[in-house]
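Breakdown of the fold
Single-letter residue listing:
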Amino acid sequence: MPRRGAARTAKLASLPLGIAGRAVGGWGRRLTGQNADQVSATLSAKAAEQLFEVLGTLKGGAMKFGQALSVFEAAVPDDMAEPYREALTKLQSAAPPMSARQTHRVLAEQLGRSWTGRFAHFDDEPAASASIGQVHRATWHDGREVAVKVQYPGADEALRSDLRQLQRFSRLFQAFVPGTDVKPLLSELAERMDEELDYLSEADHQRAFAKAFEGDPAFLIPRVVASAPKVVVTEWATGTPLAEIIANGDQETRNVAGRLLAEFHYSSPARVHLLHSDPHPGNFMLTADGRLCVIDFGGVAKLPNGIPHHLGEMTRLALDGHSEELMQLLQENGFVREGSELSSDQVLTYLAPFTEPLATPTFHFTRRWMQRQAGRVGDTRGTDFRTGRSLNLPPEYLMIHRVTAGSTGILCQLGADIPARGIVERWQPGFAI
């Protein structure tokens, strides 16, 4: 992993500079008579290829940012999205690996010089590579198949460097996912940085989830076998990654995956008092017996009191069209900026479309629906955009909002038809009448 800040900054800067350079070349080709659509398609494909190459090679915060963006690609208009969709999806579960020698060095530092004695077999070829670590398949000394997650040397330095530089370039990166506010996303990633790097904390979170969901016929949380600050060993699990279901799954499989994802998202705060806060498809699989397997707990929000009751109340009021009561509750809980001249009807017009999935017993999540919502609130000429700028998201709701938006993005990528209303009625405090 490249560690030096100057080298990593140059790599990241090459993305917007490369796009600008190709745009100039594209204009030249148009002037010589080449078809404009063909030129645009070529430019998009090359930009997407560079996006994967740079973010994937750098790993660290750069790749983490790409993974976070990947769940929002459903909001991008279809005529722009296809090249980036493929590049961002690849970032969910693949990146160039580190060498076996480096891997052995980290294992010796974390598990002791005799670390090999703890395994009956260890596969030096990584099974998966991600933003700050890679996963190896192995056999524990007692015969259990295990997954060994090893953090890249220098991941802490790289993560800090990347996030500083990405924040500087936030406006330029906005072009990759129109309708998504990149700057708050980067700020949140920076705030979660230490948690992402601490594998001991990750192991504790996974143990809590595994205990709460143990024996559940709908979910599989692999148990933790051993942990250290930069290595975590868990039981091995196999299944079909959500990214593969998004690409090739039949409708029934999409519906099952979507329903279980929504159930996991909404039930976890009540069952574990924790919220899995890294919702991208690379962290979820569907097992052969139909369970949702969750395999990464590096990002988790602590919710000792579960999801706030007021959030369910506000959702219900928006769904039922009670604008005056909704406005009062929003103001009492800090959701409306001081000095704002918003009317209750403006707020209801802004929020009500987001509750559409709860208006009927089942809802079909689609990219078109998400594109419509993103276009509506992101149109700088529209009333909804101005309304949105007068609203405020209190800090305690930021993670909940981001995870809900990310999970919704995955549901739209799946094109899932799910009983969202029943799930929310069961698990969202304050929603049920």
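Source: prediction; values computed, not measured.

**What about the overall build of the protein chain?**
Counting its secondary structure elements, the protein chain contains 19 helices and 14 strands. By residue count, 52% of the 433 residues in the protein chain fall in the buried class. The long-range fraction of contacts in the protein chain, counting pairs at least 24 apart against all pairs at least 6 apart in sequence, stands at 72%. With an accessible surface of roughly 19,500 Å², the protein chain has 52% of that area assigned to carbon and sulfur atoms.

**Structural notes on the packing of helix H12 (residues 251–271) against helix H18 (residues 395–414)**
Contact geometry of H12 with H18 gives a least axis separation of 9 Å together with a crossing angle of 175°. In terms of axis orientation, H12 runs roughly antiparallel to H18. Facing H12, whose interface residues are Arg254, Ala257, Gly258, Leu261, His265 and Tyr266, H18 presents Val403, Thr404, Ser407, Ile410, Leu411, Gln413 and Leu414. Residue composition of the contact of H12 with H18, by class: 7 nonpolar, 5 polar and 1 charged.

**So, helix H19 (residues 420–427)**
The periodicity of an α-helix, 3.6 residues per turn, causes residues three or four places apart in sequence to face the same way. Buried residues of H19: Ala420, Ile423, Val424 and Trp427, and no others. Viewed end-on, H19 has its buried residues packed into an arc of 95°, placing them on one side of the element. Of the surrounding secondary structure, the elements contacted by the buried residues of H19 are H12 and strand E14 (417–418).

**Focus on the side chain of Gln373**
With respect to the helices and strands, the residue Gln373 is situated in helix H16 (residues 367–378). What makes Gln373 buried here is its relative accessible area of 6%.

**So, the confidence of the model for the protein chain**
Mean pLDDT over the protein chain works out to 78, with 68% of the residues at or above the 70 mark. Residue range residues 174–180 is modelled with pLDDT below 50. Its contacts to residues more than four positions away, or to other chains, number 16 contacts.

**Points about the packing of aromatic side chains**
Overall, the coordinates contain 16 aromatic pairs when judged by the stated rule. A centroid spacing of 5.6 Å and a plane angle of 65° characterise the contact between Phe119 and Phe122, whose relative ring orientation is edge-to-face. Both residues of the pair, Phe119 and Phe122, belong to the buried class. Here Phe119 and Trp140 contribute two aromatic rings whose centre-to-centre distance is 5.1 Å and whose plane-to-plane angle is 85°, an arrangement assigned as edge-to-face. Separated by 21 residues along the polypeptide, Phe119 in strand E1 (residues 119–122) and Trp140 in strand E3 (residues 133–140) bring together distant segments of the chain.

**A word on the pairing of E3**
With 6 of 8 residues buried, E3 is to be regarded as a mostly interior element. Note that E1 and E3 share 3 bridges and pair antiparallel. Its bridge partner lying in E3, His121 is registered against Thr139. Bridge count for strand E2 (residues 128–129) against E3 is 2 bridges, and the pairing is antiparallel. Among the inter-strand pairings, Ser129 is bridged to a residue of E3, identified as Gln134.

**Thoughts on the sheet that holds strand E11 (residues 292–294)**
The 4 strands lie next to each other as E5-E11-E10-E8, forming an open sheet whose pairing is mixed. Two strands bound the open sheet, and with one partner strand each, they are strand E5 (219–220) and strand E8 (240–241). Relative to strand E10 (residues 284–286), E8 runs antiparallel, the two being bridged by 2 bridges. Across the sheet, residue Pro241 finds its bridge partner in E10, namely Met285.

The rules behind the values
Residues numbered from 1 in each chain as written. Predicted model: local features only at pLDDT ≥ 70, side-chain atom pairs only at ≥ 80, totals over all residues. Heavy atoms only, no water. Helix = DSSP H or I, 4+ residues; strand = E, 2+ residues; numbered from the N terminus. Buried < 20%, exposed > 50% of the residue type's maximum accessible area, 1.4 Å probe, protein only. Contact = heavy atoms within 4.5 Å. Areas by Shrake-Rupley, 256 points an atom, 1.4 Å probe, with all protein chains shown as cover. Axes fitted to C-alpha atoms, helices over the stretch in contact; angles between N-to-C directions. Parallel < 35°, antiparallel > 145°, perpendicular 65-115°, else oblique. Nonpolar A, V, L, I, M, F, W, Y, C, P; charged D, E, K, R; others polar. Arc of directions from axis to C-beta. pLDDT = per-residue confidence, 0-100. Phe/Tyr/Trp six-rings, centres within 6.5 Å; stacked < 30°, edge-to-face > 60°. Pairing = 2+ DSSP bridges.

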